[in-house]
Each structure stands twice: as structure tokens, then as C-alpha cells.
Amino acid sequence: MIPWDDFRLVRAIAETGSLAGAAEQLAVNHSTVFRRLGTLEQQLGARLFERARAGYVPTPMGEEMVRLAEHMADEVLAVERRITGQDLRPSGELRVTTNDTLLVHMLTPIFASFRAAYPEIRLDVVISNQSLSLSKRDADVAIRASDRPGDTLVGRRMASIAWGIYGSAAQGIAGPLDPADLRRYDWIGFSDNLGAIKPAKWLRERVGEEKIIYRVNTVLGLAEAAATGMGLALLPCFIAAVTPGLVQLMGRQGELESGLWLLTHPDIKATARVRTFMEHAGREIGKLRGRIEGMEDQPATAG
């Protein structure tokens, strides 16, 4: 019988395309991977990889082992989730994934109040602007801004994230802006990695690339840049509401709204620490719904 560690080895080489990459993924040294692969191929009497210029490419037998390894990994994770889901006491480690913007402008006080209420739960917050997999246990809970949160997850839509147009009060621009005047001003926009999001497309269509004089590769920092007077910015209303020096120049743009979701995997939703966190975070985010949906007053202007 082929040991599970050998299946993991083959999968790691296939995923990374190299022995060095597999060694890093498995936390072993390069020579160990080389030796184990050679021993396994000798035992099977067949090559599992072709050594190509682009890296290690699985042979048909190698591809079959990769498929089996992925299936076995899924089964192991399913068992882990079922065992974890039977926990009845709110303790242990809880991994929560979200993006940098939500963490800085909304979630840190919520995490702090949760820790104060449940000191036996250790929070591990994973910041990623890409969606981590809850099915593969990359995280236990996700707080996401999304229109498509994932069909395999459970949770609820907490609010609609509203966007509006803002500028520095020091610029003295009188709102509301006429849509026909948008191209008169300099704008702060998004770098290419965010080019597919709805606000980036809106700016290209309504403002034009030539008027975007400053770009950022994350929504984090847009509000601060706008508050300096560098240019106008399309911002989530909940960020603008807590950024001094900004004034709203055009209200909610309905076509830009996305959902704010609180999600977990169905196999672990009954776990004490997951259930407790979902209830706490849901309650605290609910208190901020007016700000998230652009219904609250803007902050006092600077100066």
C-alpha cells in the first residue's frame, strides 16, 4: 500500500512543478524530496514525472496519483470538519479571513470586543483580497464583500456596501456634482490588479483613464489620498464616514453596491467557537448597517 505521505509528495511536485517548490510546501529539504520520489518510482516501476524544461510534468500515472491525492485530501478535511463541528465549548483557535479594508475600517473593534467576551478563543485573522477556501480549511469564517459568496457556504448577507463620490473639503467643490462635470476634475483610482471591480469600470466609463492621476492597488488608502485634496475618489460610504476632511459630492451609486457577507462552512457551523463568533460579529456588524449602506452623516470637515 502506498503511504499517504507519498501521495502528498506527488501532489506537491505537480502543484509547484519543481522539487524545490515541493520541498518548501512540505517543509522538508530538496534532497529528501529527490530521494523519496526516486524510491517511489522504483517501487512502482514507472516514472511519475517527465523532467521538462518548464519543470516537472506528471506522466499519466502521475496524474492518476495526483487525482487520488486530491480526493484523499478532501476526505481527510471532511472528517476533520465533522470532528471539529462536534465541539461544544467556545474555546480554541478560530481563523477568520477578510480583506485589509474591512479589517482597518470596520472589524478590528469587533474582533477586540469578541476577544473580551470569549477570552478562551484565540483569533487568527488572515488578510487576503482573494477569497480563501473555507472548504479546504484555509479559514473557518469569512467576512467578504462580494456579489457571489459561494454556493457551498452558509451564512447571511449583513448589508449592502454603498459607494459615493467624495473630495476634500479644502477643495471647496460644491456638491452635488453634475454627472456631466465629472471629467473636469482629477481623480484617484485603482491599479490594474483591481481593474475588474465595478468601481474601476465605473471610473473608466464615466471619468476616463486620462483623468486618473493617482492609483492604488487596494481600496485601503483611497480615502486618505482623497482627503489630501489630490483628487476626487469613489469610496465605500462606511470608509468616508469615518475619514475627517471628506465631503460627499455625489450620493450612493446603486449599480456599484455589493453585499457584505458573514460566511462559514456547513460542516462546522455548529462548532461552539464558530457559532459564537457568527452571532457576535453578526450583531456588531448589524449596528453599523446605516454607515455601511451610506445612511449616516459624514464626518466633520477638517480645519
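Residues numbered from 1 in each chain as written. Predicted model: local features only at pLDDT ≥ 70, side-chain atom pairs only at ≥ 80, totals over all residues. Heavy atoms only, no water.

Some thoughts on the sheet that holds strand E7 (residues 163–168)
Within a sheet, adjacent strands bond to each other through the backbone by hydrogen bonds, running parallel or antiparallel.
Next, step 1: Taking strand neighbours across the sheet as the criterion, the 5 strands line up as E9-E8-E10-E7-E11 in an open arrangement whose pairing is mixed. Among the strands making up the open sheet, the edge pair consists of strand E9 (212–216) and strand E11 (246–250). Averaged over all pairs of adjacent strands, the angle between strand axes in this sheet comes to 45°, irrespective of strand direction.
Next, step 2: Two strands pair when backbone bridges link them, and strand E8 (residues 187–190) and strand E10 (residues 232–236) are joined in this way by 2 bridges, in the parallel orientation. Note that in E10 the partner of Ile188 across the bridge is Ala233.
Next, step 3: Its contacts with the sheet put helix H6 (residues 198–206) on E7, E8, E9 and E10, and the angle it makes with E8 is roughly 135°. (Pairing = 2+ DSSP bridges. Helix = DSSP H or I, 4+ residues; strand = E, 2+ residues; numbered from the N terminus. Axes fitted to C-alpha atoms, helices over the stretch in contact; angles between N-to-C directions. Contact = heavy atoms within 4.5 Å.)

Some points on the pairing of E10
Next, step 1: The element E10 is largely enclosed, with a buried count of 5 among its 5 residues.
Next, step 2: In the sheet, E7 pairs with E10 via 4 bridges, with the strands oriented antiparallel. What sits directly across from Gly164, in E10, is Leu235. (Buried < 20%, exposed > 50% of the residue type's maximum accessible area, 1.4 Å probe, protein only.)

Things to note about the packing of aromatic side chains
Next, step 1: Across all of its chains, the model carries 5 aromatic pairs by this definition.
Next, step 2: Seen from their ring centres, Phe114 and Tyr118 are 5.2 Å apart, and the 40° between their planes marks the pair as tilted.
Next, step 3: Since its relative accessible area comes to 0%, Phe114 is described here as buried.
Next, step 4: Here the aromatic rings of Phe114 and Phe277 are separated by 5.1 Å at their centres, their planes lie at 85°, and the arrangement is edge-to-face. You can see Phe114 sitting in helix H5 (residues 100–117) and its partner Phe277 sitting in helix H9 (residues 272–287), a full 163 residues away along the chain. (Phe/Tyr/Trp six-rings, centres within 6.5 Å; stacked < 30°, edge-to-face > 60°.)

Looking at the sheet that holds strand E5 (residues 141–146)
Next, step 1: Strand order in the open sheet formed by 5 strands is E4-E3-E5-E12-E6, with mixed pairing between adjacent strands. With one partner strand each, in any of the chains shown, strand E4 (121–127) and strand E6 (154–161) form the two edges of the open sheet. Looking at each pair of strands side by side, their axes are set apart by 20° on average, direction ignored.
Next, step 2: Where E6 lies against strand E12 (residues 258–264), 7 bridges are found, and the strand directions are antiparallel.

Structural notes on the side chain of His105
Next, step 1: Here His105 shows up in helix H5.
Next, step 2: Judged by its relative accessible area of 13%, His105 is buried.

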